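Survey of secondary and tertiary structure
Residue-level listing of the chains:
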Amino acid sequence: MRYGVSPHMKLKVRVVQYRHDCWYADIDDADDRQPDDPYWYADGCRTQAEAVALACTQLAAFDQAVAAGTLPSRLSETIAA
């Protein structure tokens with residue numbers, strides 16, 4: 001069973017500062033209570049604005065992929081052997 005992004009899925013962006021100079025951002029299903037397997041993430045952003053901008057760029061890429069009929073999958077599925 002595939003757990004990829006569906007055209008009707010609600011995605012959420014989470015941006016977290018975990019050190020004074022590092023920000024983390026991820027994109028996941030808004031209904032997923034386990035944030036351990038996002039669809040996308042960026043680690044080590046220097047500013048909150050950078051983390052948000054990267055996440056917005058990735059959301060736009062997801063939108064284009066869905067419009068083209070290619071549904072992005074979770075990171076754990078893209079790393080499969």
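Structure: see above.
Residues numbered from 1 in each chain as written. Predicted model: local features only at pLDDT ≥ 70, side-chain atom pairs only at ≥ 80, totals over all residues. Heavy atoms only, no water.

1. Side note on the sheet that holds strand β3 (residues 40-45)
- The three strands are arranged β1-β2-β3 in an open sheet whose pairing can be described as antiparallel. Bordering the open sheet on either side are β1 (11-19) and β3, each of which pairs with just one other strand. Recorded for the sheet is a direction-independent mean angle of 15° between the axes of neighbouring strands.
- Inspection of the sheet shows strand β2 (residues 22-29) paired to β3 by five bridges, in the antiparallel sense. Looking at the pairing, Ile27 lines up with Trp40 of β3. (Pairing = 2+ DSSP bridges. Helix = DSSP H or I, 4+ residues; strand = E, 2+ residues; numbered from the N terminus. Axes fitted to C-alpha atoms, helices over the stretch in contact; angles between N-to-C directions.)

2. What about the pattern of salt bridges?
- What the rule picks out here adds up to two salt bridges.
- Between Asp26 and Arg14 there is a salt bridge, with its nearest N and O atoms 2.5 Å apart. One end of the pair, Asp26, is in strand β2; the other, Arg14, is in strand β1, with 12 residues separating them in the sequence.
- Under the relative-accessibility criterion, Asp26 is labelled buried at 1%.
- With a shortest N-O distance of 3.4 Å, Asp21 and Arg19 are connected by a salt bridge. (Salt bridge = Lys/Arg side-chain N within 4 Å of Asp/Glu carboxyl O. Buried < 20%, exposed > 50% of the residue type's maximum accessible area, 1.4 Å probe, protein only.)

3. A few points about the side chain of Asp28
- Here Asp28 shows up in strand β2.
- Discounting residues that sit within four places of it in the chain, Asp28 has contacts with Lys10, Leu11, Lys12, Gln34, Pro35, Asp37, Pro38, Tyr39 and Arg74. (Contact = heavy atoms within 4.5 Å.)

4. Regarding the packing of aromatic side chains
- The full count for this structure, using the stated rule, is one aromatic pair.
- Here Tyr24 and Tyr41 contribute two aromatic rings whose centre-to-centre distance is 6.0 Å and whose plane-to-plane angle is 25°, an arrangement assigned as stacked. With Tyr24 in strand β2 and Tyr41 in strand β3, the pair connects residues that are 17 residues apart, well separated along the chain.
- Overall, the relative accessible area of 18% leaves Tyr24 in the buried class. (Phe/Tyr/Trp six-rings, centres within 6.5 Å; stacked < 30°, edge-to-face > 60°.)

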